Amino acid sequence: MGNPVEVIQSVKLDDENSTLILLDQTVLPNETVFLELKEMEDVWDAIYQLKVRGAPAIGIAAGYGVYLGTKKSTADTYDGLYEDFKKVKEYLASSRPTAVNLFWALNRMEDRFKAEEGKTPAEVKAALKEEAELIRAEDEQICESIGKYALSVLEPGWGILTHCNAGTIATAKYGTALAPIYLGQEKGYDFKVYADETRPLLQGARLTAWELEKAGVDVTLICDNMASIVMKEGKIQAVLVGCDRVAENGDTANKIGTSGVAILAKHYNIPFYVCAPLSTIDLECKTGDDIHIELRPSEEITSKWYEKPMAPENVKTYNPCFDVTDHSLITGIITEKGIAYAPFTESLPQMFKK
Ligand SMILES: CSC[C@H]1O[C@H](OP(=O)(O)O)[C@H](O)[C@@H]1O
């Protein structure tokens, strides 16, 4: 039986060489390639191209990225360094709009910068490195805690459907939606995971199936249009998904197709859980209508995975890469502080007070 915790760490800092090391998730499962990035333009591109992806992993990469970008500054005053810091922060913030962890991490790094007011540039840079390392280290503990809370609503031997990839490579370790799978495996829970391939970028086929097979977990890959039949046939006892931004009322933005899975789960009376670190919950967003949904290039639909385009050249396309699952379709939102149940406008803020 494999050991999930040995699954590759997807974001690392090589401070000695001022380098951000990223597992390139766009070439998995066929190649395992680590990118060594020194320039902010390359970090921006890695986030935009989903070379690093998954809300928590994006936040961790942004924390290290803004540290490395600020480390390059030659400013010899606190204020001068702050001007350079803000330029890097604003640049990285423009890479992708939906996953709140990007902005949460960058804002947390700015708060730490401000907490160091009056210090020398060298001292501030050291503090930024420390904060970026804390973001990563905390994420490991957060995901493990989400996994433990999730196990409290699952039974050994259950069929679990998941969408996209909210696994260990999308976080510091364990993942969010996959955390209970890994923790359950260590306890002999013998979950049977059904992974939606998740068109158009196939995070489920390329990443979740790869991660879980590598860890020795029972995983079955299905096309997105098969979610209904596996539920109807009684193969699924729970749905677990990740998230990119949770609004105060519980409306949740996650990979495109998630809301359809939630509607199916409601129809078949199957519990549907969102696994959400508090860093992905945005109480400033009152409802899902306030969440900016990223639109992506047409080629991801028409040609990215094929030697020749599989659609008429220049056909009109629409490629929103997230959708919003209405809070009424969500059984519970599993955080590192506990499970929030409806009414989420009351239960979610309570999670931040624990
Ligand atoms: C714990 S990963 C959360 C979330 O991020 C993924 O989006 P993307 O692959 O575009 O970065 C997906 O929606 C996951 O559920």
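Please read these numbers as outputs of a predicted model, since none were measured by experiment.

Novice: Help me understand the pattern of salt bridges in this model?
Specialist: Where charged atoms from two side chains of opposite charge approach closely, those side chains can pair. Overall, the coordinates contain 22 salt bridges when judged by the stated rule. The closest approach of N and O atoms between K86 and E83, which form a salt bridge, is 3.1 Å. Of this pair, K86 and E83 both sit in helix 3 (residues 78-93), three residues apart, roughly one helical turn. For D190, the salt bridge identified is with K192, shortest N-O distance 3.0 Å. Residue class for D190 comes out partly exposed when judged on its relative accessible area of 45%. Among the residues examined, K192 registers a relative accessible area of 30% and is labelled partly exposed. What emerges from the salt-bridge pattern is a single network uniting R108, R112, E116, K119, E130, E131 and E138.

Novice: In this structure, what is going on with the pairing of strand 5 (residues 192-196)? I would like to understand it.
Specialist: Looking along a regular strand, one sees side chains alternate from face to face of the sheet. For strand 5, a buried count of four out of five residues is recorded, marking the element as mostly surrounded by other parts of the structure. Sheet topology places strand 4 (residues 159-162) next to strand 5; four bridges connect them, and they run parallel. Opposite I160, over in strand 5, you have V193 as the bridge partner. For the segment spanning strand 4, helix 6 (residues 179-186) and strand 5, crossover handedness is right-handed. Pairing between strand 5 and strand 6 (residues 218-222): five bridges, direction parallel.

Novice: Would you explain the sheet that holds strand 8 (residues 245-247) in this entry?
Specialist: Each strand in a sheet pairs with another by means of backbone hydrogen bonds, the pair being arranged parallel or else antiparallel. The strand order across the open sheet built from four strands is 11-8-9-12, with neighbouring strands paired in mixed fashion. With partners counted over all chains shown, the strands left at the sheet margins are strand 11 (281-282) and strand 12 (322-325), one partner each. Judged from the four bridges that link them, strand 9 (residues 252-255) and strand 12 form a sheet pairing that is antiparallel. Following the sheet pairing, N254 is matched in strand 12 by D323.

Novice: Got a minute to help me understand the site of the ligand in this structure?
Specialist: Close to the ligand lie 18 residues, the nearest being R53, R96, D244, N254 and K255. Between an oxygen atom of the ligand and a side-chain N or O atom of K255, the distance comes to 2.6 Å. Across the complex, the protein chains shield 100% of the 410 Å² of accessible surface that the ligand would expose by itself. Counting residues per element, the ones that place at least two in the shell around the ligand are helix 2 (55-71) and strand 9. Each residue belonging to the shell around the ligand can be placed in one class, and the counts come to eight nonpolar, six polar and four charged.

Novice: Help me understand the state of the cysteines, please; the structure alone is not making it clear to me.
Specialist: Scanning all chains against the criterion turns up zero disulfides. C164 carries a free sulfur, and the closest cysteine sulfur to it, the one in C321, is 9.2 Å from it. Of all cysteine sulfurs in the structure, the one in C243 sits closest to C285, which takes part in no disulfide; the separation is 12 Å. Classification of C285 by relative accessible area gives buried; the value is 6%.

Novice: Help me out: how do you make sense of the sheet that holds strand 2 (residues 19-23) in this one?
Specialist: Across the sheet, three strands lie side by side as 1-2-3; this open sheet has antiparallel pairing. If you trace the sheet from one side to the other, it starts and ends with strand 1 (11-14) and strand 3 (34-37), each paired once. The mean inter-strand angle of the sheet, taken between neighbouring strand axes irrespective of direction, is 20 degrees. As paired strands, strand 2 and strand 3 are joined by four bridges and run antiparallel to one another.

Novice: Got a minute to help me understand the UniProt feature "binding site: substrate" (unreviewed entry) in the chain in this structure?
Specialist: As recorded in UniProt, the sites labelled "binding site: substrate" (unreviewed entry) are R53, G54, A55, R96, Q203, N254 and K255. Position of A55 among the secondary structure elements: in helix 2. According to the relative accessible area criterion, A55 is buried, its value standing at 3%. What A55 contacts, discounting residues up to four positions off in sequence, is A99, N101, A170, C243, D244 and T280. Here K255 shows up in strand 9.

Novice: So what exactly am I meant to see when it comes to unusual backbone geometry here?
Specialist: The residue after L28, namely P29, is reached through a cis peptide bond having omega 5 degrees. Residues A342 and P343 are joined by a peptide bond in cis, for which omega reads -5 degrees. With respect to the helices and strands, P343 occurs in the loop between strand 14 (338-340) and helix 11 (344-351). Of note, the phi angle at L50 is positive, near 60 degrees, even though the residue is not glycine. Inspection of the secondary structure assignment puts L50 in the loop between helix 1 (40-48) and helix 2. Even without being glycine, C164 reaches a positive phi, approximately 65 degrees. Examined against the element boundaries, C164 turns out to sit in the loop between strand 4 and helix 6.

Reading the values: the criteria
Residues numbered from 1 in each chain as written. Predicted model: local features only at pLDDT ≥ 70, side-chain atom pairs only at ≥ 80, totals over all residues. Heavy atoms only, no water. Salt bridge = Lys/Arg side-chain N within 4 Å of Asp/Glu carboxyl O. Helix = DSSP H or I, 4+ residues; strand = E, 2+ residues; numbered from the N terminus. Buried < 20%, exposed > 50% of the residue type's maximum accessible area, 1.4 Å probe, protein only. Pairing = 2+ DSSP bridges. Right-handed = clockwise from strand over helix to strand, strands pointing away. Near = heavy atom within 4 Å. Polar contact = N/O pair within 3.5 Å; in protein donor to acceptor, adjacent residues only side chain to side chain. Areas by Shrake-Rupley, 256 points an atom, 1.4 Å probe, with all protein chains shown as cover. Nonpolar A, V, L, I, M, F, W, Y, C, P; charged D, E, K, R; others polar. Disulfide = S-S within 2.5 Å. Axes fitted to C-alpha atoms, helices over the stretch in contact; angles between N-to-C directions. UniProt positions renumbered as here; feature names shortened; annotations may be inferred. Contact = heavy atoms within 4.5 Å.

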